[in-house]
Amino acid sequence: MTQRESDLAWTGMRLDFNRIEEWHRSGQKAWNVGSGSVLDTADALTEPHQVSHLLGYLLHTAVDHLHALKTLLADAEAQHTFAPYTLIRGSIEAASTALWILQDADPRLVAQRALHLEHQNLWDQRRATKLVDKDADFDEDRLALLKKALTRNNLTTAVVKKPLHVSETIATAAAVFALPASCLTWQLCSAAAHGRPWAKQFLTLFEAHDDDGISKTLSGELTSNQLAMAISLNNACDVFDKARTVRTAHSRNPNHTGSSFTNPSSGLHLVTKRLR
């Protein structure tokens, strides 16, 4: 990698670090829900599993991963070979899941997808608990609350039983919100996280030492590819930024947009006061 390429990569990452710092600083203050908004209605349909709470958790998770990466690279000045991609992967997964929930402005569909995730959450919890207790089953109290919410939405457990895979949610979010790079970035980062060798040709650099051309053993140093890291980070930031923007739009009352002050009326309206 040339010095110019390295400088270009760090310039891009510093811009994203600034975005990440601002997102991290704003925290939960950015997740208010306006009365009469899509999320306000969806919250009522999913209580006590309010969609806005789930979205806040997902977005907090996403930016937490990004901020950890910023702290690692910018503050600690530690440049690991594969660890950064694990953090990028986690952020893309969480932010894409938020976008999957918010893929349209119909509060009933938003509610249904959130309840689908709650069932998946209960299923995953049950599977984990069975590792220490073979007789463990669903959390009865939480399952009862979920069933009440489903009934409120004229849904049955069968509707939300289909297992969700994160690759499906990422692919859907990428298609709906025009984020094509997120799928490949997630795939590469997942490979790095799991130690799959095929990804190293895209994400790392290898500098050979003492290659005599005869020995079958090649010694050298495997280091991170700063350009690949910068591109991956930027793609993850774009996914989070889109999720944050859509979440904000779904939190506003559509009747309080201010458009009446900027859009021309088709006719002239005169307001008069009746005299007595």
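Above this text sits the structure in question.
As the structure is a computational prediction, the values presented were derived from the model and not from experiment.

**Digging into the overall build of the protein**
Okay, step 1: The helix and strand inventory of the protein stands at 10 helices and 2 strands.
Okay, step 2: Secondary structure elements of the protein occur, N-terminal to C-terminal, as α-α-α-α-α-α-α-α-α-β-β-α.
Okay, step 3: With 276 residues in all, the protein has 39% of them scored as buried.
Okay, step 4: For the protein, contacts bridging at least 24 residues in sequence account for 72% of all contacts bridging at least 6.
Okay, step 5: Here the protein has roughly 16400 Å² of accessible surface; of this, 53% comes from carbon and sulfur atoms.

**As for a nonpolar patch on the surface**
Okay, step 1: Taken together, F82, F206 and L222 make up a surface patch of nonpolar side chains, about 250 Å² in accessible area.
Okay, step 2: For F82, the location among the structural elements is in the loop between α3 (51-75) and α4 (83-101).

**Section: the side chain of S91**
Okay, step 1: Here S91 lies in helix α4.
Okay, step 2: With relative accessibility at 0%, the residue S91 sits in the buried group.
Okay, step 3: A polar side-chain atom of S91 sits 3.0 Å from the main-chain carbonyl oxygen of A62.
Okay, step 4: Residues contacting S91, with those up to four places away along its chain left out, are A62, H65 and L66.

**Some remarks on the pattern of salt bridges**
Okay, step 1: Per the counting criterion, the structure on display carries 12 salt bridges.
Okay, step 2: For E93, the salt bridge is made with R89, and the minimal N-O distance between the two is 3.0 Å. With E93 and R89 both in helix α4, this residue pair falls 4 residues apart, about one helical turn.
Okay, step 3: On the basis of relative accessible area, E93 is assigned to the buried category, the value being 18%.
Okay, step 4: The network of salt bridges with shared partners includes D16, R19, D238 and D241.

**Observations concerning helix α7 (residues 166-176)**
Okay, step 1: Buried within α7 are the following residues: T169, I170, A173 and A174. In a view along the axis of α7, the buried residues occupy a sector of 130 degrees, so they form one face of it.
Okay, step 2: At the C-terminal side of α7, A178 shows a positive phi close to 55 degrees.

**What to know about the side chain of T97**
Okay, step 1: If you trace the backbone, T97 turns up in helix α4.
Okay, step 2: Judged by its relative accessible area of 11%, T97 is buried.
Okay, step 3: Residue contacts for T97: discarding those within four places in its chain leaves L58, L117 and T169.

**Digging into the packing of aromatic side chains**
Okay, step 1: As enumerated under the stated definition, the model contains 3 aromatic pairs in all.
Okay, step 2: With a centroid separation of 4.7 Å and 50 degrees between ring planes, the pair formed by W23 and F240 is classed as tilted. Residue W23 is located in helix α1 (residues 3-26), and its partner F240 is located in helix α10 (residues 226-249); the two are separated by 217 residues in the primary sequence.
Okay, step 3: Residue classification places W23 among the buried residues on the basis of a relative accessible area of 7%.
Okay, step 4: Summarising the aromatic geometry, the rings of W123 and F138 are spaced 5.8 Å apart at their centres and angled 45 degrees between planes, so their arrangement reads as tilted. Taken as a pair, W123 in helix α5 (residues 107-129) and F138 in the loop between α5 and α6 (140-152) lie far apart in primary sequence, 15 residues in all.
Okay, step 5: If you follow R126 out to its NZ or CZ, it ends over the ring of W123, 5.2 Å from the centre.
Okay, step 6: Over the ring of F138 we find R126; its NZ or CZ atom is 5.1 Å from the centre of that ring.

The rules behind the values
Residues numbered from 1 in each chain as written. Predicted model: local features only at pLDDT ≥ 70, side-chain atom pairs only at ≥ 80, totals over all residues. Heavy atoms only, no water. Helix = DSSP H or I, 4+ residues; strand = E, 2+ residues; numbered from the N terminus. Buried < 20%, exposed > 50% of the residue type's maximum accessible area, 1.4 Å probe, protein only. Contact = heavy atoms within 4.5 Å. Areas by Shrake-Rupley, 256 points an atom, 1.4 Å probe, with all protein chains shown as cover. Patch = residues over 30% accessible without salt bridge, like charges linked within 9 Å, V, L, I, M, F, W, Y side chains within 5 Å. Salt bridge = Lys/Arg side-chain N within 4 Å of Asp/Glu carboxyl O. Polar contact = N/O pair within 3.5 Å; in protein donor to acceptor, adjacent residues only side chain to side chain. Arc of directions from axis to C-beta. Phe/Tyr/Trp six-rings, centres within 6.5 Å; stacked < 30°, edge-to-face > 60°. Lys NZ or Arg CZ within 6 Å of the ring centre and 35° of its normal.

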